[in-house]
2 protein chains.
Amino acid sequence: MDANIPKDHPRHRSLVTRERLKDAMRRGLVHETGLVAHGRGEAFDYLLGEQTVPEAHEAARVAAAALLTAKRPCVSLNGNVVALAAASCVDLAKTTDAALEVNLFHRTEERVAKLVAEVQKVADGVTVLGLHPDARIPGLSSDRALCSTKGLYGADTVLVPLEDGDRCEALKRMGKLVVAIDLNPLSRTAQAADVTLVDEVTRAVPLVAKAARELRGTPPDDLRLVVKGWDNRANLGRVLHRIARRLDQLGDRSPVDPG
Amino acid sequence: MDANIPKDHPRHRSLVTRERLKDAMRRGLVHETGLVAHGRGEAFDYLLGEQTVPEAHEAARVAAAALLTAKRPCVSLNGNVVALAAASCVDLAKTTDAALEVNLFHRTEERVAKLVAEVQKVADGVTVLGLHPDARIPGLSSDRALCSTKGLYGADTVLVPLEDGDRCEALKRMGKLVVAIDLNPLSRTAQAADVTLVDEVTRAVPLVAKAARELRGTPPDDLRLVVKGWDNRANLGRVLHRIARRLDQLGDRSPVDPG
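Residues numbered from 1 in each chain as written. Chains lettered and ligands numbered in written order. Predicted model: local features only at pLDDT ≥ 70, side-chain atom pairs only at ≥ 80, totals over all residues. Heavy atoms only, no water.

Draft legend 1. Representation of the pairing of strand β2 (residues 99-102) of chain B. All names here are of chain B. Pairing analysis gives four bridges linking strand β1 (residues 73-77) to β2, with the strands arranged parallel. Bridge pairing in β2 links leucine 77 to valine 102. A crossover connection joins β1 to the parallel β2 through helix α4 (residues 79-96); in handedness this β-α-β unit is right-handed. Bridge count for β2 against strand β3 (residues 128-129) is two bridges, and the pairing is parallel. Bridged to glutamate 101 within β3 is leucine 129. (Pairing = 2+ DSSP bridges. Helix = DSSP H or I, 4+ residues; strand = E, 2+ residues; numbered from the N terminus. Right-handed = clockwise from strand over helix to strand, strands pointing away.)

Draft legend 2. Helix α4 (residues 79-96) of chain A, seen in detail. Residues and elements named next belong to chain A. With 18 residues, α4 extends just 22 Å between its outermost C-alpha atoms, more than 12% less than the 26 Å of an ideal straight helix rising 1.5 Å per residue. Its axis deflected by about 90° at alanine 85, α4 carries its strongest bend there. Among the 18 residues in α4, 15 count as buried, and that is most of the element. At the N-terminal end of α4, a side-chain oxygen is found 3.3 Å from the backbone nitrogen of asparagine 80, two or three residues along, and the residue is asparagine 78. Positioned one or two residues after α4, aspartate 97 has a phi angle of 60°, which is positive. (Expected span 1.5 Å × (residues − 1). Bend = angle between axes of the 7 residues up to and from the residue. Buried < 20%, exposed > 50% of the residue type's maximum accessible area, 1.4 Å probe, protein only. Polar contact = N/O pair within 3.5 Å; in protein donor to acceptor, adjacent residues only side chain to side chain.)

Draft legend 3. Structural detail: the environment of leucine 92 of chain A. All names here are of chain A. The residue leucine 92 is located in helix α4 in this model. Classification of leucine 92 by relative accessible area gives buried; the value is 0%. Along the chain, leucine 92 and glutamine 120 lie 28 residues apart, while their C-alpha atoms are 15 Å from each other. Residues contacting leucine 92, with those up to four places away along its chain left out, are Leu67, Val75, Leu159, Val205, Val208 and Ala209. (Contact = heavy atoms within 4.5 Å.)

Draft legend 4. Spotlight on the sheet that holds strand β8 (residues 195-197) of chain A. All names here are of chain A. The six strands are arranged β3-β2-β1-β6-β7-β8 in an open sheet whose pairing can be described as parallel. Each edge of the open sheet carries a strand with a single partner, namely β3 (128-129) and β8. As paired strands, strand β6 (residues 157-161) and strand β7 (residues 177-181) are joined by five bridges and run parallel to one another. Counted as the bridge partner of leucine 159 is valine 179 from β7.

Draft legend 5. Expanded view of the sheet that holds β2 of chain B. As summarised here, the arrangement of the six strands in space is β3-β2-β1-β6-β7-β8 (chain B), forming an open sheet in which the pairing is parallel. Looking at which strands have only one partner, the edges of the open sheet turn out to be β3 and β8 (195-197) of chain B.

Draft legend 6. Quick look at the packing of helix α3 (residues 54-69) of chain A against helix α9 (residues 201-215) of chain A. All names here are of chain A. Orientation of α3 relative to α9, taken along the N-to-C sense of each, is 60°, at an axis distance of 8 Å. The angle between α3 and α9 falls in the class oblique. When the axes of α3 and α9 are compared, the crossing they make is right-handed. Across the interface between the two elements, Ala56, His57, Ala60, Arg61, Ala63, Ala64, Ala65, Leu67 and Leu68 of α3 pack against Leu207, Val208, Ala211, Ala212 and Leu215 of α9. Split into classes, the residues belonging to the contact of α3 with α9 amount to 12 nonpolar, one polar and one charged. (Axes fitted to C-alpha atoms, helices over the stretch in contact; angles between N-to-C directions. Parallel < 35°, antiparallel > 145°, perpendicular 65-115°, else oblique. Left-handed = near helix turned anticlockwise from the far one by under 90°. Nonpolar A, V, L, I, M, F, W, Y, C, P; charged D, E, K, R; others polar.)

Draft legend 7. Looking closely at the nonpolar core. With 108 residues, the main nonpolar core has Leu77 and Leu197 of chain A together with Leu77 and Leu197 of chain B as its most contacted residues. Not counting residues within four places of it along the chain, the set of residues in contact with leucine 197 of chain B comprises Ala56, Ala59, Ala60, Ala63, Val179, Ala180, Ile181, Asp182, Ala204 and Val208 of chain B. Counting residues in each nonpolar core, the second largest holds 36 residues, with Tyr46 and Ile243 of chain A together with Phe44 and Val198 of chain B among its members. (Core = buried A, V, L, I, M, F, W, Y, C linked by side-chain atoms within 4.5 Å.)

Draft legend 8. View of the interface of chain A and chain B. On the chain B side, the residues contacting the 40 residues of chain A number 40 residues. Summed over both sides, the interface between chain A and chain B buries roughly 3600 Å², with carbon and sulfur atoms accounting for 64% of that surface. Interface area lost by chain A to chain B is led by Glu32, Val36 and Leu186 of chain A, which between them contribute 16%. On the surface where chain A and chain B come into contact, there are six salt bridges. With a closest N to O distance of 2.5 Å, arginine 26 of chain B and glutamate 32 of chain A form a salt bridge. Scanning the region where chain A abuts chain B turns up 12 residue pairs in polar contact (both at pLDDT 80 or more). Elements with a contribution of two residues or more to the side of chain A that touches chain B: α1 (12-26), α2 (32-47), α8 (188-192) and α11 (232-253) of chain A. Of the residues in the side of chain A that touches chain B, the class split is 16 nonpolar, 12 polar and 12 charged. (Buried area = accessible area lost by both parts, 1.4 Å probe. Salt bridge = Lys/Arg side-chain N within 4 Å of Asp/Glu carboxyl O.)

Shown next as structure tokens:
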């Protein structure tokens with residue numbers, strides 16, 4: 001990192017995260033548009049108060065229930081996710097017995113190889129798919145459709161942190177149960193998914209893993225009821241109203257952003 | 001550009017802008033953190049409906065009045081501004097008889113030189129300052145304090161599109177009248193400025209130039225009254241409430257983002 005971010009800066013965590021992503025881009029792990037996407041996320045996270053809101057806590061429980069009751073769960077990884085949350089994703093995959101697959105929107109073989117190697121550093125023996133795709137997600141053009149039968153393609157439930165809207169919708173059309181992590185409650189990904197955690201990825205992935213550990217002893221039929229009873233659109237609506245309340249308060253008192 | 005963005009894509013303009021910025025980064029005009037900052041702007045612009053809101057139209061009129069009545073106006077340029085709005089900034093500087101100065105947060109001599117050359121392509125003979133700084137903005141450490149006596153340092157009124165919060169506050173402490181263009185109504189820049197246009201830079205700069213042309217015949221005393229009567233905090237509050245209303249509506253109808 002080429003920046004010295006004071007530990008007492010009110011937005012220290014956010015600034016450190018940004019630096020990590022910038023370094024990951026210089027190392028060829030993250031695409032340029034990943035930095036733009038991260039900035040969009042920062043703005044929405046700022047509006048949430050840079051903390052996990054109650055709606056995300058609830059969604060994390062449902063996400064954990066969905067992964068635990070899946071026959072073949074899979075966690076999808078892209079550049080930003082690996083740069084920011086590789087170890088948490090490995091932990092989650094182990095806890096829920098899920099496959100791990102690197103899957104890129106701007107796919108190059110070189111970048112996939114770098115990302116697989118990066119995850120393997122912390123994978124503790126768990127296989128990381130993505131290098132040898134043998135299937136395509138129907139309805140998507142270009143290399144972003146490539147995936148693995150043992151991973152995304154064959155999965156019944158997928159966790160897609162920071163996913164592209166097109167691809168999220170295509171996974172839904174394949175009949176999969178889709179769990180998304182997306183800070184923008186209005187994005188197509190957030191809206192198309194079955195369970196959406198509107199939360200920052202470094203906070204959200206450990207939250208799902210924690211919920212999975214807590215729910216591991218629960219009878220599968222009870223977990224299925226949790227998933228079945230979930231109203232994702234209503235939860236997203238509550239997040240939007242929460243942000244609106246916050247903006248109204250800020251508009252009344254004309255605050256100064258410490259960042 | 002390496003992406004083919006369909007002309008009928010509902011967010012075509014936003015996607016083309018993002019590509020321009022990515023290309024500018026590859027050419028060394030834009031810093032990595034400029035891409036993150038652009039992403040933050042995209043999110044706020046999305047919340048505004050990707051259009052110029054009435055509050056920005058009003059602020060543009062006041063901004064034009066401030067520049068027209070200034071003794072020594074200056075328009076500050078950074079990487080993102082040059083990549084997206086160089087020609088509009090030149091047009092605005094000509095219309096208001098303002099100096100143009102390239103001024104970078106992450107300053108390197110190489111990047112300043114590239115940016116000055118880029119603006120000069122469209123400057124039509126207008127001088128672009130920034131290559132030979134001879135003064136420092138008080139209270140700022142590092143090279144981001146460097147500026148020119150004939151430009152930012154000596155100016156009584158400055159237009160800072162997409163400015164860093166620290167530097168905006170330092171310019172205020174120097175007693176300057178600061179006009180900012182910033183999509184985040186909560187940013188320190190937006191809050192510290194005397195006149196803030198909460199608008200996207202490629203829409204906002206031409207808007208100020210147009211207002212300046214319309215107001216050029218107005219007696220200076222009348223223009224000074226326009227500037228004096230402006231309540232920037234109240235205008236920012238109205239923008240926040242506008243965004244809140246929009247989020248409440250979206251939360252009620254659970255829409256799908258076309259992007």
